Amino acid sequence: MEFDALSKKVIGCAIEVHRNLGPGLLESAYEKCLAYELECNGIPYAVQAPVSVEYKSIRLDCGYRIDLLVDNRLIVELKSVDKLLNIHQAQLLTYMKLSEVNTGLLINFNVQILKDGLKRVIL
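Summary of the structure given here. The numbers attached to residues start from 1 for each chain and follow its sequence in the written order. Only residues with pLDDT of at least 70 get local features here, since the model is predicted, and only at 80 or more are side-chain atom pairs given and counted; chain-wide, interface and lining totals rely on the full set of residues. Computation of side-chain values: all heavy atoms of the structure, hydrogens and water removed.

Re the sheet that holds strand 5 (residues 118-122)
Part 1: By definition, two strands form a pair when at least two bridges between them are found by DSSP. Each helix corresponds to a stretch of at least 4 residues labelled H or I by DSSP, and each strand to a stretch of at least 2 residues labelled E; elements are numbered beginning at the N terminus. The sheet built from 5 strands is open, its strands ordered 1-2-3-4-5 with mixed pairing. One side of each edge strand has no neighbouring strand; the edge strands of this open sheet are strand 1 (45-55) and strand 5. When the angles between neighbouring strand axes are averaged without regard to direction, this sheet yields 35°.
Part 2: Strand direction decides the pairing type here: strand 3 (residues 74-79) and strand 4 (residues 103-108), joined by 5 bridges, are parallel. Its bridge partner lying in strand 4, glutamate 77 is registered against leucine 106.
Part 3: Of the strands in this sheet, strand 2 (58-70), strand 3, strand 4 and strand 5 touch helix 1 (residues 5-21), which is tilted by about 15° from strand 4.
Part 4: In this analysis, two residues are considered to be in contact whenever any of their non-hydrogen atoms come within 4.5 Å of each other. Comment: axis = line fitted to C-alpha atoms, over the contacting stretch for helices; angle = value between 0 and 180 degrees taken between N-to-C directions. The sheet contacts of helix 3 (residues 86-99) involve strand 1, strand 2, strand 3, strand 4 and strand 5, and relative to strand 3 the element is tilted by about 155°.

Right under this line is the structure:
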């Protein structure tokens, strides 16, 4: 699988977090640590970026939040689960459509080797 430069940088940061923490923590811990790694690498990001829903002619804030929006062009959805499920990918796809961001990463930190918990999605 070929990754763009931004995805490669974010994956490198995620690998660093996983290398230091390993599996077994809450998603919120990985989110804070990954945000720290992005900051240290000069990669712009927003944590818990709100996503509104457009219904007919109105925009609604329904409480949806993107774990990490990186450089306004990559959505990173973090998990710490036994196994990634189709619903996790569907969640990422929905966030991508609602925010009009074409590239996303689904990262599950609850694995022994992080590459086994990575999924890249492109609209």
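Topic: the pattern of salt bridges
Part 1: Salt bridges are defined by distance alone: a side-chain nitrogen of Lys or Arg within 4 Å of a carboxyl oxygen of Asp or Glu. With the rule as written, the count across this model stands at 6 salt bridges.
Part 2: Of the charged contacts in the structure, one is a salt bridge between arginine 19 and glutamate 16, with a shortest N-O distance of 3.3 Å. Of this pair, arginine 19 and glutamate 16 both sit in helix 1, separated by 3 residues, roughly a single helical turn.
Part 3: Burial here depends on accessible area, computed with a 1.4 Å probe over protein chains only, as a share of the maximum for the residue type. Under 20% is buried, over 50% is exposed, and the range in between is partly exposed. The exposure class assigned to glutamate 16 is partly exposed, which follows from its relative accessible area of 31%.
Part 4: For arginine 59, the salt bridge is made with glutamate 54, and the minimal N-O distance between the two is 2.6 Å.
Part 5: Residue class for glutamate 54 comes out exposed when judged on its relative accessible area of 53%.

Regarding the nonpolar core
Part 1: Core analysis: the largest hydrophobic core is formed by 21 residues, its most contacted members being Leu34, Val70 and Val76.
Part 2: Elements that contribute at least two residues to this core include exactly helix 1, helix 2 (27-40), strand 2, strand 3 and strand 4.
Part 3: A total of 6 residues in this core trace back to one element, the largest contributor, which is helix 1.
Part 4: Apart from the residues lying within four places of it in its own chain, the contact partners of valine 76 are Val10, Leu34, Ile66, Asp67, Leu68, Val70, Leu105 and Ile107.
Part 5: Counting residues in each nonpolar core, the second largest holds 11 residues, with Ala49, Val51, Met96 and Val101 among its members. What we call a nonpolar core is a set of buried Ala, Val, Leu, Ile, Met, Phe, Trp, Tyr and Cys residues that are connected through their side-chain atoms within 4.5 Å.

Keep in mind that these numbers describe shape and distance, not what the molecule does.
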